[in-house]
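A closer look at the structure
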Amino acid sequence: MSTPTLVSSGSPATLASGPEAEPAAPRRHAHKFGGSSLADASRIRQAAALVAADGGDARVVVVSAMQGVTDALVSLAARTRAGGDWQAAWSALRDQHRAAAAALAGTPTSALHDSIDAQFDALRQDLASGVAGAAQLDARIWGVGELCSSWLMHAALGGDAAGWRRLDAREVLIVHQGEMGVGVDWDDSRARLHAWRARQPGARVVITGFVASDRDGAATTLGRNGSDYSAAIFASLFEVDELTIWTDVDGVLSADPRLVPEAVCLPSMSYAEACELAYFGAKVLHPQTLAPVQARGILLRIRNTRNPQAAGTRISTVADPHDVPVKGLSLVDGLAVLELVGNGMVGVPGTAERLFAALHRAGVSVTMISQGSSEHSICCVVRADEVDRGREAIIAAFHDAMADARTQAVQVTRDICVLAAVGDGMVGAPGVAARLLGGLAQARVNVRAIAQGASERNISVAVAGADATRALRAAHAAFWLSPQTISIGVIGPGQVGRALLAQLAATAPRLRERANLDLRLRAVCDSRRMHLSDACIAPERALEALAGADVVAAELDAFAAHVRAEHLPHALIVDCSASDAVAARYAEWLAAGIHVVTPNKHAGSGDWLRYAAIRDAQRHGGRFLYEATVGAGLPVILTLRSLLDTGDVLHQVDGMFSGTLAWLFNSYDGSRPFSQLVLEARALGYTEPDPRDDLSGLDVSRKLVILAREAGRMLSLADVEVENLVPEQLRGIDRDAFLARVAEMDAPMQARLDAARAQGLSLRHLARLDADGRATVGVVALPSSHACCHTRLTDNLVQFRSDRYAENPLVIQGPGAGPEVTAAGVFGDMLTIAQSLGAKTAAAGTADTLS
């Protein structure tokens, strides 16, 4: 038999030119409609319209039963076996089909109506016989739905008058059962079809799916969901060029949309890719469907009857080029791991054969196999409902080896899922396994076993059932098939928190579109209450949600548990509070794999043991970033870390870490009393409500401790020599009394200014870390050449002196305070974490902001 020449859909009818060229014959098409596409008369009409609109030569239509009918028939057979009443259910099914026939024929009495009644009369006789349960009788009962659908579709297409005939597949399709499932007797089936077509020359045909006959002529089926297989078989027998399977989804998706809502429809796949995904549970394809079409090179399309404008998925020998190596991911649940362990297995031929022969005899199907090169153990993944039978079979097969301790145990791990990554682009592409395993590691998913065939089109990993959804989403995002999703919770919607929410609202849509990054705000919390959302909180509505009725009392354990959702791959808590109690939870969150970003200085400058615990907890996968604690949006910690990581030696750090104190000493030239500047700064909003909070130097000390610890110094706040600018007599009084007596600061400060000027120096408030680890905070007199003498009024400044920057120190200068710049620093840390998790570079999402 000749193989038809394939040309892609939409290509020219002929490649020849000139007057001698003859147009190529129209491409011969077959269509298959599933139950959801035939749910009622209106859907059947729509299906018939799709066939009529086919631009090629539609020769074959294969139909499933109407939606839900096969399940109802199986239930009827079971009810009959149990001696139960089946009459009401039988009547309901008959009425359902009669209603569809009446709607299609336009009258309640017609030949179509008679055909439907004849099928149900035969069904009633089979049910009344009371012996349902015999394989042949069950097959007759289960197949009634397809027989009725074929009559309905035949009528909708115009029937015999329009050149359509109806074929009961049991007349021509002969199959047999084997260990590999249902096999087709191709020669016999082809001969029978040839004889049938000889009696119906040129006819187009509606064929029953699912049903067939065995070699003895008895009714049988191709198994549940076997109508797709029927369509592929008849596409091959009729030698069509193209088969379209119509279903209720737009095509083959990159993952199960119930688990990965961001799954995308794949425009094209190769047969090999489709086979892998079908085996690992892609519901839209029956695993056996692909063999007949692949053997003849028939183009297969998966399309949606509810959205016929969508192109669907095209499956052929070679798929279109794809920019990522993995085309799709699939997840199989309800599995368990069987592992045979033993020192005596090393180097012993036949061990694997003995194990799998035992499983074969026990009727246990193996989904996946994994064995290390040490040969100390061999494991396989099997169905959970077969694992105990498999374990007993292996124990029996290796009884002698266990008796003399050559094998030690047969171990069972239950509640396992297998995640499969599939794609032709994986072949010969380095780093695919690394990206998959890296994505799973970032999502804190432990891999129990891994397998990859020599074809390199599939990498399969076994994971715990509890991790399965998170694993699938993490892998899907790791290959950029969907946005990298991070579940986010924000604590402390004060000035910085509000600014961050505004920046998220403005930027998140662009990041999703251009950087494939989904920063999904799911929780927001203040000191008293919290709002948790299972979906997504619009950042611009977060404060409104927190003030609404759907809030609960703030509870940090529940907050963290919600952010750390099992179905999302990554979690991030942003702490914009100034709470020491919140900082005390960081180590716990990091150990649970939750990333933490904060401008809160308590963790970085507080108790040393707590700080050490936070750093140690990061080994569990959570990252702790805190750039905004020192310089707000200035890259102070990043720069210091870069210097040290590249081998530079730090000698000294000088810093103006307070915008308030920078403004005071940049403005203080003796023309006005220092107290007057303090009051003016308060009026301008530069100071805290009580200026003593700024003048004490405590906040500056915290920043210096954070930098010192980043530089490797075991420094605590108690080790910092801090000059409190508030005179002793003004420290213990209330705020109003302090403001009334603030002029008492003037004389001491004027004396210091005069002394500095006498030496040609200027006063500045400076934090300093020396090479010997000494840390000081206070007012110092600096020469005019020092960088701190050349800043804008409220600028922060950090100066690093090191081996590389000895004569000309490295200076970072700019706004170091304020909600907007601090929030920007926090946002930058969030994007750094996102990029480390596999998101595309932030530049891809923000390039247009430079224009």
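Use the structure listed above.
First things first, this report covers the structure right here in the doc. For clarity, every value in this text was computed on a predicted model and none was experimentally measured.

Conventions and cut-offs
- Residues numbered from 1 in each chain as written.
- Predicted model: local features only at pLDDT ≥ 70, side-chain atom pairs only at ≥ 80, totals over all residues.
- Heavy atoms only, no water.
- Helix = DSSP H or I, 4+ residues; strand = E, 2+ residues; numbered from the N terminus.
- Rg over C-alpha atoms; globule rule 2.2 N^0.38 Å.
- Buried < 20%, exposed > 50% of the residue type's maximum accessible area, 1.4 Å probe, protein only.
- Contact = heavy atoms within 4.5 Å.
- Areas by Shrake-Rupley, 256 points an atom, 1.4 Å probe, with all protein chains shown as cover.
- Phe/Tyr/Trp six-rings, centres within 6.5 Å; stacked < 30°, edge-to-face > 60°.
- Axes fitted to C-alpha atoms, helices over the stretch in contact; angles between N-to-C directions.
- Parallel < 35°, antiparallel > 145°, perpendicular 65-115°, else oblique.
- Nonpolar A, V, L, I, M, F, W, Y, C, P; charged D, E, K, R; others polar.
- Pairing = 2+ DSSP bridges.
- Expected span 1.5 Å × (residues − 1).
- Core = buried A, V, L, I, M, F, W, Y, C linked by side-chain atoms within 4.5 Å.
- Polar contact = N/O pair within 3.5 Å; in protein donor to acceptor, adjacent residues only side chain to side chain.

Section: the overall build of the protein
The number of helices and strands found in the protein is 32 helices and 31 strands. Its C-alpha radius of gyration of 37 Å places the protein more than 25% over the 29 Å reference for a compact globule of 851 residues. If you line up the protein on its principal axes, its C-alpha atoms span 120 × 75 × 70 Å. Among the 851 residues that make up the protein, the fraction classed as buried is 52%. Contacts spanning at least 24 positions in sequence make up 73% of the contacts within the protein whose residues lie at least 6 apart. Taken as a whole, the protein presents about 35700 Å² of accessible surface, with 52% of it coming from carbon and sulfur.

Observations concerning the packing of aromatic side chains
Inspection of every chain in the model, using the stated rule, returns 10 aromatic pairs. With 6.4 Å between their ring centres and 70° between their planes, Trp-90 and Phe-120 make a pair best called edge-to-face. Of this pair, Trp-90 sits in helix H3 (residues 87–105) while Phe-120 sits in helix H4 (residues 111–128), placing them 30 residues apart in sequence. Phe-120 carries the same exposure label as Trp-90, and that label is buried. Ring geometry for Phe-665 versus Phe-674: centroids 5.5 Å apart, planes at 45°, classification tilted.

Examining the packing of H3 against helix H6 (residues 144–156)
In the contact formed by H3 and H6, the axes pass within 10 Å of each other and the chain directions differ by 10°. Considering their axes alone, H3 and H6 lie roughly parallel with respect to each other. Here His-97, Ala-100, Ala-101 and Leu-104 of H3 lie close against H6, whose contacting residues are Cys-148, Leu-152 and Ala-156. Here the contact of H3 with H6 is composed, by residue class, of six nonpolar, one polar and no charged.

Looking at the pairing of strand E13 (residues 328–341)
For E13, the buried fraction is high: 10 of the 14 residues fall into the buried class. As defined by bridge partners, E13 adjoins strand E16 (residues 409–422) across 11 bridges and the pair is classed as antiparallel. The residue bridging Leu-340 from the neighbouring strand is Val-410, located in E16. Pairing analysis gives seven bridges linking E13 to strand E15 (residues 377–383), with the strands arranged antiparallel. Bridge pairing links Val-341 to Ser-377 in E15.

What to know about the sheet that holds strand E21 (residues 529–532)
Strands sit in the order E22-E21-E20-E19-E23-E24-E25 across an open sheet of seven strands; the sheet is mixed. In this open sheet, the two strands that pair with only one neighbour each are strand E22 (552–553) and strand E25 (624–625). Pairing between E21 and E22: two bridges, direction antiparallel. Considered in E22, the bridge of Arg-529 is made with Ala-553. Sheet contacts for helix H18 (residues 556–563): strand E19 (484–491), strand E20 (517–525), E21 and strand E23 (570–575); angle to E19, the most-contacted strand, approximately 165°. Packed on one face of the sheet, helix H31 (residues 819–836) meets E19, E20, E23, strand E24 (595–597) and E25 and runs near 155° to E24.

A look at helix H28 (residues 698–710)
Working note: α-helix, 3.6 residues per turn, so residues spaced by three or four point in the same direction. Spanning 13 residues, H28 covers 19 Å between terminal C-alpha atoms, matching the ideal 18 Å at 1.5 Å per step. Burial runs high along H28: 11 of the 13 residues are buried. Once H28 finishes, Gly-712 follows within two positions and takes phi at roughly 95°, a positive value.

Some words on the nonpolar core
In terms of nonpolar packing, the biggest core is built from 72 residues, with Tyr-586, Trp-589, Leu-664, Phe-665 and Phe-800 touching the most fellow members. The greatest single-element share of this core, amounting to six residues, is contributed by H28.

What about the sheet that holds strand E26 (residues 650–656)?
Note on sheets: strands pair through backbone hydrogen bonds, and any given pair is parallel or antiparallel. With mixed pairing, six strands are arranged side by side in an open sheet as E27-E29-E28-E26-E30-E31. The two strands at the open ends of the sheet, each matched to only one other strand, are strand E27 (721–722) and strand E31 (810–815). Direction of pairing for E26 relative to strand E28 (residues 762–769): antiparallel, over a ladder of three bridges. Within E28, the position partnered with Gly-655 by the bridge is Ala-767.

Side note on the environment of Gln-813
Residue placement: Gln-813 occurs in strand E31. Judged by its relative accessible area of 36%, Gln-813 falls in the partly exposed class. Between the C-alpha atoms of Gln-813 and Val-364, which are 449 residues apart in sequence, the distance is 69 Å. Ignoring anything within four residues of it in the chain, the contact list for Gln-813 reads Leu-634, His-790, Thr-791, Arg-792, Asp-795, Asn-796 and Leu-797. A polar contact of 3.1 Å, which involves the side chain of Gln-813, links it to the side chain of Asp-795.

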